Amino acid sequence: MSLYKTRVKEFETLLANDVIDLRSLKGLCFNGIPDGGGFRALCWRLLLGYLGPHKSTWTQTLQKKRQLYQQFIDEMVVSPGTSGDSSCSDHPLSDGPESAWSTFFKDNEVLLQIDKDVRRLCPDISFFQQATEFPCQVVVNSNGERRLHSRVAPSKLSSANVEGKMGMTKINLITKRAPENYEAMEEGQEAHWEVVQRILFIFAKLNPGIGYVQGMNEIVGPIYYVMASDPNIVFREFAEADCFFCFTALMGEIRDFFMKTLDESEGGIKAMMNKMTKLLEVKDQEVWQRLRDQELYPQYYGFRWLTLLLSQEFPLPDVVRIWDSVLSDENRFEFLILICCAMIILLREQILEQDFACNVKLLQNFPPMDINVVLLKATTLK
């Protein structure tokens, strides 16, 4: 039996149990989830806590969550005056706290940034430009009234405030961009990027404390891709709702990365970068010393690596493989630090030879590399 078939059999056996042994599942997933068979989408739901280990609860949980998400769409993805609610009588120029129009225009400021980011999501594959099989009917059949992108004119995108909350305005979080903005679909259809836009907009509405920060699109992208690529059509139909709750769960763990006020906290991004630097000092002092002498601090490269869980450094299929291990980590994000440290050490020859400018460019544009080599190196650093 081939190694692939053996791996598939292990997953089939484990997932067939009435109660899933999450520790064993994490052990299996850590070494990579087999493509095909729908294992990854189901395992990520379990690893992110969207589904519990007791299989008997799954049907009720999914039904309840999916209905709740539909309620979010009904309540939030609607313009004032289009809901048929005659009580909405305030004037569009009203700026009162109770004004639906005032909220509408404030939402559009957030939506402007989301629209800009999702129109160029994951350009290394064509997936997000393609039509979803399951467009949201209440949106696509609304004569454009509920299509979020129609609320923000593309001509205004250049004036969007890009990285206000990050506190790192000199560090460009997003490097992988499609050469042109993705186009919206005709009436009755939706592209996958339009679905991601709705997920991010609803998340921002429900989480006003953090709202939307540039880079969140790179976190939701791989999750949605996995959910919407599930070979099980029943799961695929509800990819949007399931993705929303999985994304919300993951953001609950990494929200400190996106909030400048929590930079100094134990789970903040500065603490993560310090751990990475200290690990590098222990594992390869020569490289650590070289970077220190050049004053090439992790803020130049590690900030993006850690904040976006490496989603900008590798092609999407490799990112998905990395996340198999990161989401399976018993001590979440410790392995992410190991991967980042491994990436630096694998470039040691160039780093030791090159000057500051070349090394900045090297680390900000990580060269193509077999992801298995990177992960193996990270494992040896444990």
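How each quantity is defined
- Residues numbered from 1 in each chain as written.
- Predicted model: local features only at pLDDT ≥ 70, side-chain atom pairs only at ≥ 80, totals over all residues.
- Heavy atoms only, no water.
- UniProt positions renumbered as here; feature names shortened; annotations may be inferred.
- Disulfide = S-S within 2.5 Å.
- Buried < 20%, exposed > 50% of the residue type's maximum accessible area, 1.4 Å probe, protein only.
- Patch = residues over 30% accessible without salt bridge, like charges linked within 9 Å, V, L, I, M, F, W, Y side chains within 5 Å.
- Areas by Shrake-Rupley, 256 points an atom, 1.4 Å probe, with all protein chains shown as cover.
- Salt bridge = Lys/Arg side-chain N within 4 Å of Asp/Glu carboxyl O.
- Helix = DSSP H or I, 4+ residues; strand = E, 2+ residues; numbered from the N terminus.
- Axes fitted to C-alpha atoms, helices over the stretch in contact; angles between N-to-C directions.
- Parallel < 35°, antiparallel > 145°, perpendicular 65-115°, else oblique.
- Left-handed = near helix turned anticlockwise from the far one by under 90°.
- Contact = heavy atoms within 4.5 Å.
- Nonpolar A, V, L, I, M, F, W, Y, C, P; charged D, E, K, R; others polar.

Looking at an unreviewed UniProt entry, the chain carries the name TBC1 domain family member 13, with the source organism given as Lutzomyia longipalpis. Quoted verbatim from the Function (unreviewed entry) field of UniProt, the annotation for the chain is "Acts as a GTPase-activating protein for RAB35. Together with RAB35 may be involved in regulation of insulin-induced glucose transporter SLC2A4/GLUT4 translocation to the plasma membrane in adipocytes." Quoted straight from UniProt, the Subunit (unreviewed entry) entry for the chain says "Interacts with RAB1A and RAB10; in a GTP-dependent manner."

Attention shifts here to the state of the cysteines. Across all of its chains, the model carries zero disulfides by this definition. Left unpaired, C246 is separated from the closest cysteine sulfur, that of C243, by 7.1 Å. Judged by its relative accessible area of 0%, C246 falls in the buried class.

A few words on a nonpolar patch on the surface. Together, Y297, Y300 and F356 give the surface a local cluster of nonpolar side chains, amounting to about 270 Å² of exposed area. When you line up the elements, Y297 lands in the loop between helix 12 (285-293) and helix 13 (302-307).

Viewed as axis vectors pointing N to C, helix 11 (residues 269-283) and helix 15 (residues 334-345) meet at an angle of 50 degrees, and their least axial separation amounts to 9 Å. One way to sum up the angle between helix 11 and helix 15 is to call them oblique. The handedness of the crossing between helix 11 and helix 15 is right-handed. Here M272, K275, M276, L279, L280 and K283 of helix 11 come into contact with helix 15, specifically with L336, I337, L338, C340, C341, I344 and I345. Taken together, the residues of the contact of helix 11 with helix 15 break down into 11 nonpolar, no polar and two charged.

Here we take up the pattern of salt bridges. Summed over the entire model, instances satisfying the criterion amount to 18 salt bridges. Of the charged contacts in the structure, one is a salt bridge between R119 and D115, with a shortest N-O distance of 2.6 Å. Under the relative-accessibility criterion, R119 is labelled buried at 6%. Of the residues examined, D115 reaches a relative accessible area of 0% and is grouped as buried. The partner of E253 in a salt bridge is R332, and the shortest N-O contact between them spans 2.8 Å. Placement of the pair is E253 in helix 10 (residues 239-258) and R332 in the loop between helix 14 (316-328) and helix 15, with a sequence separation of 79 residues. On the basis of relative accessible area, E253 is assigned to the partly exposed category, the value being 33%. Here the residues in one salt-bridge network are R45, R66, D230 and D242, joined through shared partners.

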